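Residues per chain, in single letters:
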Amino acid sequence: MPEDKEQSITQNSRRGFIKTTALAAAGFMIVPRHVLGGKGFLAPSDRLQLAGIGAGGKGESDIGGIVKGGKTDVAFLCDVDDRSAATSVKNFPKAKYYKDYRELLDKEAKHIDAVTVSTPDHNHAMIAMAAMQLGKHVYVQKPLTHDIYEARMLTEAAKRYKVVTQMGNQGASGDGVRRLQEWYNAGKIGKVHTVYCWTDRPVWPQGIAWPTGKTEIPKELNWDLWLGSAPEKDYIDNLVPFNWRGWWNFGTGALGDMGCHLVEPPFRVLDLDTPIAVECSVGSVYVGEFNRGYFPESCPPSSHVILTFAKTDKTKGEVKVHWMDGGIKPERPEELGPDERFGDNGVLFIGTKGKMICETYGKNPRLLPLSRNSEDNTAITIPRVVGQEDGHYTMFAEAAMAGYGKIQLSSPFEIAGPLTETLLIANLAIRGTDVQRKDANGGISYPGRDMKMLWDKTNMNVTNFDDVNQFVKRQYRKGWSLGV
């Protein structure tokens, strides 16, 4: 599927964007909003009118985070499940409540300035696209989208419709990742060639069969609206509101859940673009002696993915980024003492002259060995986001009030789109391990379990294993559309 070159975000433009992001972020602190103007500008006397689509769970915290800045009114709430929305409805009694985002946007568009999208992964893209096409600024939970194609389309749409965008990986606004950048730019660990990212997720059931039989749908839940773009399925218990993450029809597994928090630091520090190759191995579930279970609808219980990135100006050569989930960790660095904490979730950078490490969100950055930190006097060269993770929300509100192009954010779609694509390319390799081929004698093989898949960014496909390209752009359920 060819890419529209005029709308594409090139690697060079993305690098230039990253280099200017921090300075622009600092600039919004001193430029009065009334002199900014531009598309989407609100006068200083006005307040941001917000619609929260997905009002429970992360939606509740996303809405609350944006309101915390003190310049936003929650005008509308939308959720397919009244149980999940109950707290937000109580907290914002003046907000008009809808169940169907399409009805909300159709009836209330002229009263909305910005939208939060905090639904399950499979419905992110079409809701965000619908809002952007109406000129609304959007804050979208991570991962940005369920599919690679969707991520590319949202990235291009943000530029085309000239709206303010932010993905919900709040660690991108933290001090930690900026300190890692400063150390790296100062040459503290030389040139990086290898990175390890690991997590104890999933913390929900995966590697299991889809339950059989029907279950009564709770009266508070509109199941058809919850399914949205996903294939038709009977309702099952223990799926809503959390455990959908482990099913490919709805979620994106541990990579989708934690990758935007853990892969973001190396992505930013090393100025990475989408990978050029990916390979993986996954944990197995045995249902009997020598009988490996086959559950292609469900993400595996654990995985180790190796992403290969092309050389950048900041790396020694090609970079290998290892992703490990399900509690798998890399070998402890020799520089880390036997009793010093390695962590259940973290990132390890290995350079030609040393190593550095951090936790989720880029928090608690440390040079290795830890004794180096007490001696460190590296200058602060990158402006910080006021409020750090909280500022990730409040900066979005400020940017939306100022108008498109006036304030640069930490994770706009120009950055969040390629990062999300990267994680979903890793998921292609994981899903490829379940691709079956049958021979003339009825034998079954799994070629994707022993292959390095080569990625063509321009055409958005794997060039040497076409079987997985069906997952680049899925078929939406009848009646649902991305609108492009």
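Residues numbered from 1 in each chain as written. Predicted model: local features only at pLDDT ≥ 70, side-chain atom pairs only at ≥ 80, totals over all residues. Heavy atoms only, no water.

(A) Broad picture of the overall build of the protein chain. Scanning the protein chain for helices and strands turns up 13 helices and 19 strands. The C-alpha atoms of the protein chain give a radius of gyration of 22 Å, which matches the 23 Å a tight globule of 484 residues would have. The C-alpha extent of the protein chain, read off along each of the three principal axes, is 70 × 60 × 45 Å. The buried share of the protein chain, reckoned over its 484 residues, is 58%. The contacts of the protein chain with a sequence gap of at least 6 include a subset with a gap of at least 24, amounting to 73%. Of the accessible surface of the protein chain, which amounts to about 19900 Å², a share of 50% is contributed by carbon and sulfur atoms. Side-chain charges of the protein chain comprise 59 positive and 58 negative groups, with the mean position of each set lying 4 Å from the other. (Helix = DSSP H or I, 4+ residues; strand = E, 2+ residues; numbered from the N terminus. Rg over C-alpha atoms; globule rule 2.2 N^0.38 Å. Buried < 20%, exposed > 50% of the residue type's maximum accessible area, 1.4 Å probe, protein only. Contact = heavy atoms within 4.5 Å. Areas by Shrake-Rupley, 256 points an atom, 1.4 Å probe, with all protein chains shown as cover. Lys, Arg positive; Asp, Glu negative; His and termini not counted. Charge placed at Lys NZ, Arg CZ, Asp CG, Glu CD.)

(B) Looking closely at the packing of helix 9 (residues 253–262) against helix 13 (residues 413–432). Running from N to C, helix 9 and helix 13 point in directions that differ by 145°, and their axes come no closer than 10 Å. The two elements helix 9 and helix 13 meet at a crossing, and its hand is right-handed. Two secondary-structure elements touch here, helix 9 through Leu-255, Gly-259 and Cys-260 and helix 13 through Leu-419, Leu-423, Ala-426, Asn-427 and Ile-430. Here the contact of helix 9 with helix 13 is built from residues that sort into six nonpolar, two polar and no charged. (Axes fitted to C-alpha atoms, helices over the stretch in contact; angles between N-to-C directions. Left-handed = near helix turned anticlockwise from the far one by under 90°. Nonpolar A, V, L, I, M, F, W, Y, C, P; charged D, E, K, R; others polar.)

(C) Spotlight on the sheet that holds strand 3 (residues 96–98). Taken in spatial order, the six strands of this open sheet run 3-2-1-4-5-6, and their pairing is parallel. What marks the edges here is a single partner per strand, and that holds for strand 3 and strand 6 (165–167). On average, each strand axis in the sheet is tilted by 20° relative to the strand beside it, whichever way the strands run. As paired elements, strand 1 (residues 48–53) and strand 2 (residues 72–78) share six bridges and run parallel to each other. When the sheet's bridge partners are listed, Leu-50 is paired in strand 2 with Val-74. Packing against the sheet, helix 5 (residues 124–133) makes contact with strand 1, strand 4 (114–117), strand 5 (137–140) and strand 6, and its axis sits at approximately 165° to strand 5. (Pairing = 2+ DSSP bridges.)

(D) Structural context of the pairing of strand 5. Burial along strand 5 is two-sided: the face carrying His-137 and Tyr-139 and the face carrying Val-138 and Val-140 are both buried. When strand 4 meets strand 5, the two strands line up parallel, connected through four bridges. Along strand 5, the bridge assignment pairs Val-117 with Val-140. In the classification by handedness, the crossover that spans strand 4, the intervening helix 5 and the parallel strand 5 is right-handed. Strand direction decides the pairing type here: strand 5 and strand 6, joined by three bridges, are parallel. Residue pairing across strands places Tyr-139 opposite Gln-166, the latter belonging to strand 6. What joins strand 5 to strand 6 is helix 6 (residues 148–161), and the crossover it makes is right-handed. (Right-handed = clockwise from strand over helix to strand, strands pointing away.)

(E) Structural view of the environment of Gly-351. The topology assignment puts Gly-351 in strand 13 (residues 346–351). Gly-351 sits in the buried class, given a relative accessible area of 11%. Look past the residues within four positions of Gly-351 in its chain and what remains in contact with it is Ile-189, Lys-191, Val-192 and His-193.

(F) A look at the pairing of strand 7 (residues 192–198). Taken across its seven residues, strand 7 has six buried, putting it largely inside the fold. Strand direction decides the pairing type here: strand 7 and strand 13, joined by six bridges, are antiparallel. Looking at the pairing, Val-192 lines up with Gly-351 of strand 13.

(G) Quick peek at the side chain of Asn-469. Residue position: Asn-469 is located in the segment after strand 19 (461–462). Residue classification places Asn-469 among the buried positions, given a relative accessible area of 13%. A polar atom in the side chain of Asn-469 sits 2.7 Å from the backbone nitrogen of Val-462. Within the structure, the side chain of Asn-469 is placed 2.9 Å from the side chain of Asp-466, a separation counted as a polar contact. Sequence-distant contacts of Asn-469, that is, excluding residues within four places in its chain, are made with Asn-461 and Val-462. (Polar contact = N/O pair within 3.5 Å; in protein donor to acceptor, adjacent residues only side chain to side chain.)

(H) Representation of the packing of helix 2 (residues 58–67) against helix 12 (residues 389–402) in the model. Viewed as axis vectors pointing N to C, helix 2 and helix 12 meet at an angle of 60°, and their least axial separation amounts to 7 Å. Relative to helix 12, the element helix 2 lies oblique. The hand of the helix 2/helix 12 crossing is right-handed. From helix 2, Lys-58, Ser-61, Asp-62, Gly-65 and Ile-66 reach across to helix 12, where they touch Tyr-393, Thr-394, Phe-396 and Ala-397. For the contact of helix 2 with helix 12, a count of residues per class yields four nonpolar, three polar and two charged. (Parallel < 35°, antiparallel > 145°, perpendicular 65-115°, else oblique.)

(I) Focus on the environment of Ala-157. Topologically, Ala-157 is positioned in helix 6. Sequence-wise, Ala-157 and Thr-394 are 237 residues apart; in three dimensions their C-alpha atoms are separated by 23 Å. Sequence-distant contacts of Ala-157, defined by excluding residues within four places in its chain, comprise Met-129, Met-132 and Lys-162.

(J) Quick look at helix 12. Look at helix 12: 20 Å from first C-alpha to last across 14 residues, which is about the 20 Å you get at 1.5 Å a residue. Of all 14 residues making up helix 12, twelve are buried, and the element is well covered by its neighbours. Buried residues of helix 12: Glu-389, Gly-391, His-392, Tyr-393, Met-395, Phe-396, Ala-397, Glu-398, Ala-399, Ala-400, Met-401 and Ala-402, and no others. Two residues or fewer past helix 12, Gly-403 is found with a positive phi of approximately 110°. (Expected span 1.5 Å × (residues − 1).)

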